[in-house]
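This is what each chain is made of:
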Amino acid sequence: MNPGGHAPGLSRAARIGWTRTAVVVGLVLLLELLCRTHVIKPLTMIPPSVMAVELGRLIAAGEITDDILQTASEVGTAFAVSVLAGFALGALVQALPRVRRAIDPLLASWYAVPFFVFYPLLVALFGMNVLPLIAIGVVFATPAMMLSTIAGLDRVPRVLRKLARVHRMSPLQEVALITLPSAAPHLFTGLKLSFAYAFIGVIAGEFILSGGGLGYGIAYAYESFENRKMYALMLLVLLVAIGVNGALHVWEARLARRRGHA
Amino acid sequence: MSSNAEADSLAHATLRAVTRTYPGARPVHALGPIDVDIARGEFFSVVGPSGCGKSTLLDVLAGLSAPTTGHVTFESKPVAGQVPDGVGVVFQEDASFPWLTVHDNVAFGLRRAGMEAAETARRVDYAIGFMGLRDFAHAYPAQLSGGMRQRVCIARTLVLQPRLILLDEPFGALDQQTRLLMGDELLRLWRETGASVLLITHALDEAAMLSDRVGVMSARPGVFIDLVTTGWARERDSRIVSDPGFGVVTARLWSSLRAESMKAIGREA
Amino acid sequence: MKKLTDSLVILAVVLAIWQGLYAYAGDVAITSPLRTFAFAGELLTHAPFWGHAAATLLAFAYALAISAAAGIALGLLLGLRRFAGDVAEPMLASLYTIPKVTLYPVMLLVFGLGMSAKVAFGVIHGMIPVILFTLAAVKNIPPVLLRTARALHLRPVQTAVTVLAPAVMPEIVTGLRVGFALTLLGVLIGEMFASQRGLGFLIINGINSHDVRMTTAVAVIVVVFAVFANGAMLALDRRVHHAGNRAAGN
């Protein structure tokens, strides 16, 4: 543990926060410097400030609105479907121990499979539209929600289930008043992971399959040597990923603290 | 048989020829046969070696578990399949809901029963005050110590105004000093509510100081090998340890229990 | 016995779905299981395939070595220096959620085409989980273990080898297992964009020239390899965890 600190009266959490901010700002400034002084060649990378300006311009000019909407709707759909399917399947599997044991190796290996190999299959099945992209997002994100659901349901303390009988609750009441609230932190983690995976799956799919959206925008800009646009879009994707996941993480931490798990 | 029927109607709860065998490839005869009455307003403790079936006894009496043979009654009505109205249970593990504040935890049963808000508020306020939780009414269980969380569970049971309170080693996870103080609170609760109390405990001193009667169980399958009447006055607290009678009771409990405890360990070793 | 039957049932279900997809979508989308296995057999018994496989495995070996070494080293460092670890952990978690695809153009611009790009792809995919798992393992060492080491008058090196290393080993193995799969994924994707050799290249080439048979067969070979490798590492993972539990719980 670090003894003391430079700023007396500043809590450790605050110091960590400020240090992190300083590191991020420092890295961005360093990148800016390296690009401006051409240590990093302009053909390789443009300064972060130029990226930001270009992004602002693209948004203001409405040039990427369609792409943003397309990606957002794909991610949103994939997220919603995988959360619902993941929860339902997870609850089902958790309740059937034999099925669970049989499926376990499958789930454990799920993320070892390079899913992009199925892209052409999905295109052939669904056509050259948004469905293959949503499908990839769902395939990526559902197991994460399943695993989190199973973990949450596993961890409902047995004594609380006994309590449900003491209070003479019906099965439905038990699920609503005891099982779900007890499993809530794990379910929320599943939500957070599902979003991250749906986002990654959709963007990766757009990049590889050329169907529109931000991922495709990046690939197209790269191939057309439009560096500014390419980096602007990358910045956007970066900011959205960090922003949404960061927000969900903070919320998750707050819930955990209330339960004494922090 | 008629004298039994009379006895049944006086007793608050009865167990007659109750056994409990857990089914399976090798069935486990966990409990019984048990024959015991709990009188109205009595404080009855059960002690015994580990694995003797004390918790099973509580489960059967509460209706959480069905006896394999025999029958159970509460207020002259048979107990089967579900927990009867008027019976409250406090478990050894922390059963407070981590997602509710202390206040909402205590109000839980009342709100579910559809009690109207003013009466709920009144009862919850009383129970929280009674259990010394007023300063923590809006805290979450995670912010409280183990003893306080157990008080939340007791308060939650208290508001439902149970006529029979079953406690399964409620203070098992607490240190000795806290246990003694919680014992005093339990006695206060008992006197205030006029309920009958069944306390399962492995601590002989606790059973000796709190109870009107103590049942000593044998090693598995548990049957009662001794029933000790303490004869304490109703107005008592933990300072009863200085009464010479306390030593006598504890000594008698241990002399009955020692051989059984050794059997239980010998079986496990 | 039941476990084996259940696994076979799952396998049968997968094959059935595969056959069903083939029946529905036809040869333009996917090759039937039978033809795929036949063609895969052909590939595996002829030299050209192994040339590509070797290229992939070489890149994969480099990437895995870097991910593992750098990942464990950084993870240990950040775990031991608690303040740095607390600062870095959310940042690493954020990096994990960024779609790495979006970094591919940068990688290509920095590393050019060829082996170093492939290895770089593999590393950016696989290193972060190794760091995160190692970090968590070190953070979660029960303090009582360290106090015990001091009470037993162990010297620092002895403590590190006999107490710390076994204590963190299970979680590090889990991190390596996850890192293994992701590094492989990264290398394959790198081959798709940055190379004329390797299994990833075979797949993307097959896609572009509509050689469905080739794509399906190579994909299946890769998937089978990935699943078996993961399965082996999972078995190792479980053994290490049980051994750890036995040692720690007594």
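Fair warning: this is a prediction, and the values are worked out from it, not measured in the lab.

Novice: Go over the overall build of chain A with me, naming the residues and quoting the values.
Specialist: When helices and strands are counted, chain A shows 10 helices and 0 strands. Listed N to C, the secondary structure of chain A is α-α-α-α-α-α-α-α-α-α in terms of helices and strands. Dimensions along the principal axes, computed over C-alpha positions, put chain A at roughly 70 × 65 × 35 Å. Relative to its 262 residues, chain A shows a buried fraction of 40%. Restricting the contact set of chain A to residue pairs at least 6 apart, pairs at least 24 apart contribute 73%.

Novice: An account of the interface of chain A and chain C is requested, with residue identities and associated values reported.
Specialist: Counting residues at the interface gives 44 residues for chain A and 41 residues for chain C. Contributing elements (two or more residues each) for the side of chain A that touches chain C: α1 (12–36), α4 (97–109), α5 (119–126), α8 (171–209), α9 (213–223) and α10 (227–258) of chain A. Ranked by residues supplied to the side of chain A that touches chain C, first place goes to α10(A) with 9 residues. The residue inventory of the side of chain A that touches chain C, partitioned by class, reads 33 nonpolar, 8 polar and 3 charged.

Novice: Explain the environment of F44(B) to me, and be specific about the residues and the numbers.
Specialist: Residues and elements named next belong to chain B. Relative to the elements of secondary structure, F44 occurs in strand β3 (residues 43–47). C-alpha of F44 to C-alpha of L199: the two residues are 155 residues apart in sequence and 6.3 Å apart in space. Filtering out sequence-adjacent residues up to four positions away, F44 remains in contact with I38, V197, L198, S211, D212, R213 and G215.

Novice: Help me get a handle on the arrangement of the chains, residues and values and all.
Specialist: In this assembly, 2 pairs of chains are in contact, and the pair contributing the most contacts is chains A and C. Spatially, chain B is disjoint from chain C: no contact exists, and the shortest C-alpha separation is 17 Å.

Novice: I'd love a proper account of the domain arrangement of chain B, names of residues and values included.
Specialist: All names here are of chain B. Each assigned domain of chain B is listed here: domain 1 (1–22 + 43–86 + 164–269) and domain 2 (94–161). Taking only C-alpha atoms, the centre of domain 1 and the centre of domain 2 are 25 Å apart. On the side of domain 2, 7 residues touch domain 1, which itself brings 10 residues to the contact. If you tally residues by element for the side of domain 1 that touches domain 2, the top one is helix α6 (residues 176–193), at 5 residues.

Novice: Tell me about the nonpolar core, and please be specific about residues and values.
Specialist: With 128 residues, the main nonpolar core has A141(A), A198(A), F199(A), I203(A) and I203(C) as its most contacted residues. Listed in part, the 76 residues of the second largest apolar core include L31(B), I128(B), L187(B) and V228(B).

Novice: Please provide a residue-by-residue account of the packing of helix α6 (residues 130–154) of chain A against α8(A), values included.
Specialist: Residues and elements named next belong to chain A. Relative to each other, α6 and α8 sit at 160°, their axes nearing to 7 Å. The orientation of α6 relative to α8 falls into the category roughly antiparallel. The hand of the α6/α8 crossing is right-handed.

Novice: Run through the packing of α9(A) against α10(A), naming residues and quoting values.
Specialist: The geometry of a pair of packed helices is captured by two quantities: the angle between their axes and the separation between those axes. Residue and element names in this part refer to chain A. Taken N-terminus to C-terminus, the directions of α9 and α10 make an angle of 155°; their axes are 8 Å apart at the nearest point. By the angle between their directions, the pair α9 and α10 is classed as roughly antiparallel. Viewed along their axes, α9 and α10 form a crossing whose handedness is left-handed. On α10, the residues that touch L214, G217, I218, A221 and Y222 of α9 are K229, M230, L233, M234, L236 and V237. Tallied by class, the residues present in the contact of α9 with α10 amount to 9 nonpolar, 1 polar and 1 charged.

Novice: With reference to specific residues and values, describe the sheet that holds strand β1 (residues 11–22) of chain B.
Specialist: Either a parallel or an antiparallel arrangement is found when strands of a sheet pair, and the pairing is made through backbone hydrogen bonds. Residues and elements named next belong to chain B. With respect to topology, 4 strands assemble into an open sheet ordered β2-β1-β4-β5, the strand pairing being antiparallel. Unpaired on one side and paired on the other, β2 (28–39) and β5 (77–78) mark the two borders of the sheet. Sheet analysis places β1 next to β2, joined by 8 bridges and oriented antiparallel. Opposite A13, over in β2, you have I38 as the bridge partner. Helix α2 (residues 54–62) contacts β1, β2 and β4 (69–74) of the sheet and is inclined by roughly 120° relative to β1.

Novice: Describe unusual backbone geometry, naming the residues involved and giving the relevant values.
Specialist: With an omega of 10°, the peptide bond running from G32(B) to P33(B) counts as cis. Among the structural elements, P33(B) can be located in strand β2. Here the amide bond leading from R220(B) into P221(B) is cis, since omega sits at 0°, within 30 degrees of zero. Within the element layout of this structure, P221(B) appears in the loop between β9 (213–217) and β10 (224–229). Even without being glycine, R168(A) reaches a positive phi, approximately 55°. Mapped onto the fold, R168(A) is located in the loop between α7 (158–166) and α8. Phi is positive for H153(C), close to 60°, though the residue is something other than glycine. With respect to the secondary-structure elements, H153(C) resides in the loop between α7 (143–151) and α8 (156–194). For H153(C), a count of 7 C-beta atoms within 10 Å translates into the label exposed.

Novice: Could you give an account of α2(B), with specific residues and numbers?
Specialist: Each α-helix turn comprises 3.6 residues. Residues three or four places apart therefore point the same way. Residues and elements named next belong to chain B. With 8 of its 9 residues buried, α2 lies for the most part within the structure. Where α2 is concerned, the buried positions are K54, T56, L57, L58, D59, V60, L61 and A62. Positive backbone phi, at 85°, marks G63, one or two positions downstream of α2.

Novice: So what's going on with the environment of A241(A)? Residues and values would help.
Specialist: Among the structural elements, A241(A) can be located in helix α10. With 45 residues separating them along the chain, A241(A) and A196(A) place their C-alpha atoms 7.5 Å apart. Here A241(A) is in contact with F199(A), T97(C), I98(C) and P99(C), once residues within four sequence places are set aside.

Novice: Can you lay out the pairing of strand β6 (residues 87–90) of chain B for me, pointing to particular residues and giving the numbers?
Specialist: Residue and element names in this part refer to chain B. By the alternation rule, side chains of β6 split into V87 and V89 and G88 and V90, which are all buried. When β6 meets strand β7 (residues 164–168), the two strands line up parallel, connected through 4 bridges. Looking across to β7, one finds that V89 is bridged to L166.

Novice: Lay out the confidence of the model for chain A with the relevant residues and their values.
Specialist: Any region with low pLDDT has predicted coordinates that should not be read closely. Residues with a pLDDT of 70 or more make up 96% of chain A, whose mean pLDDT is 88. α5(A) is the least confidently modelled element of chain A, averaging 79 in pLDDT, while helix α3 (residues 65–95) of chain A averages 95, the highest of any element.

Novice: Run through helix α4 (residues 82–97) of chain C, naming residues and quoting values.
Specialist: Taking 1.5 Å per residue, 16 residues should reach 22 Å; α4(C) reaches 23 Å between its end C-alpha atoms and fits that length. At A88(C), α4(C) is bent by approximately 30°, the largest bend along its length, and proline P90(C) sits one to four residues beyond.

Novice: Help me get a handle on the sheet that holds β7(B), residues and values and all.
Specialist: Residue and element names in this part refer to chain B. Ordered by their spatial adjacency, 6 strands build an open sheet running β6-β7-β8-β3-β9-β10, and the pairing between neighbours is mixed. With partners counted over all chains shown, the strands left at the sheet margins are β6 and β10, one partner each. For this sheet, the mean angle separating the axes of adjacent strands, direction not counted, is 15°. Relative to strand β8 (residues 196–200), β3 is paired through 4 bridges, and the arrangement is parallel. If you follow F43 over to β8, its bridge partner there is V197.

Calculation rules
- Residues numbered from 1 in each chain as written.
- Chains lettered and ligands numbered in written order.
- Predicted model: local features only at pLDDT ≥ 70, side-chain atom pairs only at ≥ 80, totals over all residues.
- Helix = DSSP H or I, 4+ residues; strand = E, 2+ residues; numbered from the N terminus.
- Buried ≥ 20, exposed ≤ 12 C-beta atoms within 10 Å, placed from the backbone.
- Contact = placed C-beta atoms within 7 Å.
- Nonpolar A, V, L, I, M, F, W, Y, C, P; charged D, E, K, R; others polar.
- Domains from an automatic or database assignment.
- Core = buried A, V, L, I, M, F, W, Y, C linked by C-beta atoms within 7 Å.
- Axes fitted to C-alpha atoms, helices over the stretch in contact; angles between N-to-C directions.
- Parallel < 35°, antiparallel > 145°, perpendicular 65-115°, else oblique.
- Left-handed = near helix turned anticlockwise from the far one by under 90°.
- Pairing = 2+ DSSP bridges.
- pLDDT = per-residue confidence, 0-100.
- Expected span 1.5 Å × (residues − 1).
- Bend = angle between axes of the 7 residues up to and from the residue.

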